[in-house]
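So the chains spell out like this:
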Amino acid sequence: MLQSRGVSDLLAAEKKAQELIEEARKRKNKRIKDAQSEAKAEIEHFKADRERQYKILEQQQLGNRTQMTEQSSKETQIQIGALKSQYESNKQQLLQRIITLVCDIKPEAHMNARF
Amino acid sequence: MGLSETDVAKQIQHMIAFIQQEAAEKVEEIEAKAEEEFNIEKSRLVSQQRVKIIEYYNKKEKQIELQRKIQHSNLANASRLSILKARDDYVQALKEEARKQLTILTQDRSKYQTILANLIAQGLFLLMEKEVTLRCRRNDFHLVQQLTPDIIQRYKQELKQNDIKITVDDKNYIADDSAGGIELYAMGGKIKVSNTIEARLSMIFNQILPEIREKLFGINQNRKYHD
């Protein structure tokens, strides 16, 4: 009688042990599955940060764009303006030279045809 | 009789305790393992995705930089082109100014006479043909007819020969708004010498372009060869 009670107690303990182990295994599997969802959350956070960083850069560049265009056209206009003043100051001298050259005509017979 | 009841009970307690302890250890083991695998899996997934994300945004940022460089280059190009165009416009303006001044000059009869005579003579020497037709502006017709005999003399003297017959075209004329000068035709119009003021201006203008550019725009620092 005692024996059977002892044995059944042992069997019960063994059964309980198995249950505990089984539960631990189940928890383990759940934990591993959790890894996926936690990883996902972390990555989303990282991605959002990076996106924010990128957007700032993009905005900056957009601003630079208009600034660059304005600057370039301003500088170009200055240079073209400089051209005008150079033209005006050198015009007369050049015109003189051109007209002198055009009016200075030397009609000559070909070398081989002369005597 | 062997073991007493109490002894058996104690044995059984020990065995139960042993079973329970083993189970607890096993559970601890499983839980440690679980944590470990959790961390491994999580960091694996995170770093895998991280690499992708970093690569993606790096590429996008490179694109932005590329766009910036392209824009910069386009602007520099456009600027250079408009400056070059402006320079060319001024050069053309100079030529047009010269043409206008020459037109005015041809109204000074004595100066124009010399010029015209020289232009005709030059053309004749070039052609060396027996029969030449001259074409001029309507207004210059009489002047040309006047000058022709002297020029023929000169021509015959220089070449010590050659009879030459000159006709002044009275049916076709050079445009009235042109600066003046003369066109010479020979061989029934197959050979043409264009000695108009405009033609001469173009030729001379092109020849002294380097000088014009230098005077108007300064010496070109980028130029390596000058001959």
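Everything numeric in this text was worked out from a predicted model, so none of it was measured.

## Quick notes on the pattern of salt bridges
Residues and elements named next belong to chain B. A full pass over the atoms with the stated rule returns 26 salt bridges over all chains. Put simply, Arg 68 and Glu 65 hold a salt bridge, and the shortest N to O gap is 3.0 Å. Of this pair, Arg 68 and Glu 65 both sit in helix 1 (residues 5-105), separated by 3 residues, roughly a single helical turn. On the accessibility criterion, Arg 68 (28% relative accessible area) is partly exposed.

## A short note on a negative patch on the surface
Taken together, the side chains of Glu 14 of chain A together with Glu 22, Glu 25 and Glu 28 of chain B define an acidic patch exposed on the protein surface. By residue number, the principal contributor to the negative patch is helix 1 of chain B, which donates 3 residues. Its place among the elements puts Glu 22 of chain B in helix 1.

## Quick look at the nonpolar core
Soluble, globular proteins show a tendency: their nonpolar side chains are buried together. Among the nonpolar cores identified, the biggest contains 57 residues, and Ile 98 of chain A together with Leu 124 and Leu 134 of chain B are the most heavily contacted of them. Counting residues per element, this core draws most heavily on helix 2 (residues 109-127) of chain B, at 10 residues. Residue assignment places this core across two domains, with domain 1 (8-107) and domain 2 (109-212) of chain B each supplying three or more. Beyond its immediate sequence surroundings of up to four residues, Leu 124 of chain B is in contact with Val 132, Ile 151, Tyr 155, Ile 164, Ile 166 and Leu 184 of chain B. Counting 9 residues, the second-largest nonpolar core is a separate cluster that includes Leu 45, Ile 53, Tyr 57 and Ile 64 of chain B.

## A few points about the sheet that holds strand 4 (residues 191-196) of chain B
Strand pairing in a sheet relies on backbone hydrogen bonds. The paired strands run either parallel or antiparallel. Residues and elements named next belong to chain B. Read across the open sheet, the 4 strands follow the order 2-1-3-4; overall the sheet is mixed. Looking at which strands have only one partner, the edges of the open sheet turn out to be strand 2 (165-168) and strand 4. Adjacent strand axes in the sheet meet at a mean angle of 20° when their direction is disregarded. By the bridge criterion, 4 bridges tie strand 1 (residues 131-135) to strand 3 (residues 181-186) in an arrangement that is antiparallel.

## Examining helix 3 (residues 141-159) of chain B
Residue and element names in this part refer to chain B. Along its 19 residues, helix 3 runs 26 Å from first to last C-alpha, staying within 8% of the 27 Å computed at 1.5 Å per residue. The largest bend along helix 3 measures about 35° and falls at Thr 148, with the proline Pro 149 one to four residues further on. Elements in contact with the buried residues of helix 3: helix 2, strand 1, strand 2 and strand 3. Two residues or fewer past helix 3, Lys 160 is found with a positive phi of approximately 50°.

## Observations concerning the UniProt feature "coiled-coil region" (unreviewed entry) in chain A
What UniProt calls "coiled-coil region" (unreviewed entry) maps, in this numbering, to residues 7-38 of chain A. With 100% helix and 0% strand, residues 7-38 of chain A has its two end C-alpha atoms placed 46 Å apart.

## Quick notes on the interface of chain A and chain B
On the chain B side, the residues contacting the 63 residues of chain A number 69 residues. Summing both partners gives a buried area of about 6,500 Å² for chain A against chain B, and 73% of it is carried by carbon and sulfur. Here chain A and chain B share 7 salt bridges between them. Put simply, Glu 35 of chain B and Arg 31 of chain A hold a salt bridge, and the shortest N to O gap is 2.9 Å. The tally of links between chain A and chain B comes to 17 residue pairs in polar contact (both at pLDDT 80 or more). Its residues assigned to classes, the side of chain A that touches chain B comprises 31 nonpolar, 11 polar and 21 charged.

## Notes on the environment of Ala 175 of chain B
You can see Ala 175 of chain B is positioned in the loop between strand 2 and strand 3. A sequence separation of 39 residues divides Ala 175 of chain B from Cys 136 of chain B, and the C-alpha atoms of the two residues are 8.4 Å apart.

## With respect to the pairing of strand 3 of chain B
Burial runs high along strand 3 of chain B: 6 of the 6 residues are buried. A loop of 4 residues connects strand 3 of chain B with strand 4 of chain B, the two strands running antiparallel in sequence, and Met 187 of chain B in this loop sits at a positive phi of about 55°.

## Here we look at unusual backbone geometry
Residues and elements named next belong to chain B. Located in the positive-phi region is Met 128, a residue other than glycine, with phi close to 50°. With respect to the helices and strands, Met 128 occurs in the loop between helix 2 and strand 1. Of note in this structure, Met 187 is not a glycine but carries a positive phi near 55°. Counting through the fold element by element, Met 187 comes out in the loop between strand 3 and strand 4.

## Digging into the pairing of strand 1 of chain B
Pairing of strand 1 of chain B with strand 2 of chain B involves 4 bridges; the strand directions are parallel. Bridge assignment links Leu 134 of chain B to a residue of strand 2 of chain B, and that residue is Val 168 of chain B.

## A word on the confidence of the model for chain B
Interpretation of this model should avoid reading the predicted coordinates in detail wherever pLDDT is low. On average, chain B scores 91 in pLDDT, and the residues at 70 or more come to 99%. With pTM at 0.73, the complex prediction returns an ipTM value of 0.73.

Cut-offs used in this document
- Residues numbered from 1 in each chain as written.
- Chains lettered and ligands numbered in written order.
- Predicted model: local features only at pLDDT ≥ 70, side-chain atom pairs only at ≥ 80, totals over all residues.
- Heavy atoms only, no water.
- Salt bridge = Lys/Arg side-chain N within 4 Å of Asp/Glu carboxyl O.
- Helix = DSSP H or I, 4+ residues; strand = E, 2+ residues; numbered from the N terminus.
- Buried < 20%, exposed > 50% of the residue type's maximum accessible area, 1.4 Å probe, protein only.
- Patch = residues over 30% accessible without salt bridge, like charges linked within 9 Å, V, L, I, M, F, W, Y side chains within 5 Å.
- Areas by Shrake-Rupley, 256 points an atom, 1.4 Å probe, with all protein chains shown as cover.
- Lys, Arg positive; Asp, Glu negative; His and termini not counted.
- Charge placed at Lys NZ, Arg CZ, Asp CG, Glu CD.
- Core = buried A, V, L, I, M, F, W, Y, C linked by side-chain atoms within 4.5 Å.
- Domains from an automatic or database assignment.
- Contact = heavy atoms within 4.5 Å.
- Pairing = 2+ DSSP bridges.
- Axes fitted to C-alpha atoms, helices over the stretch in contact; angles between N-to-C directions.
- Expected span 1.5 Å × (residues − 1).
- Bend = angle between axes of the 7 residues up to and from the residue.
- UniProt positions renumbered as here; feature names shortened; annotations may be inferred.
- Buried area = accessible area lost by both parts, 1.4 Å probe.
- Polar contact = N/O pair within 3.5 Å; in protein donor to acceptor, adjacent residues only side chain to side chain.
- Nonpolar A, V, L, I, M, F, W, Y, C, P; charged D, E, K, R; others polar.
- pLDDT = per-residue confidence, 0-100.

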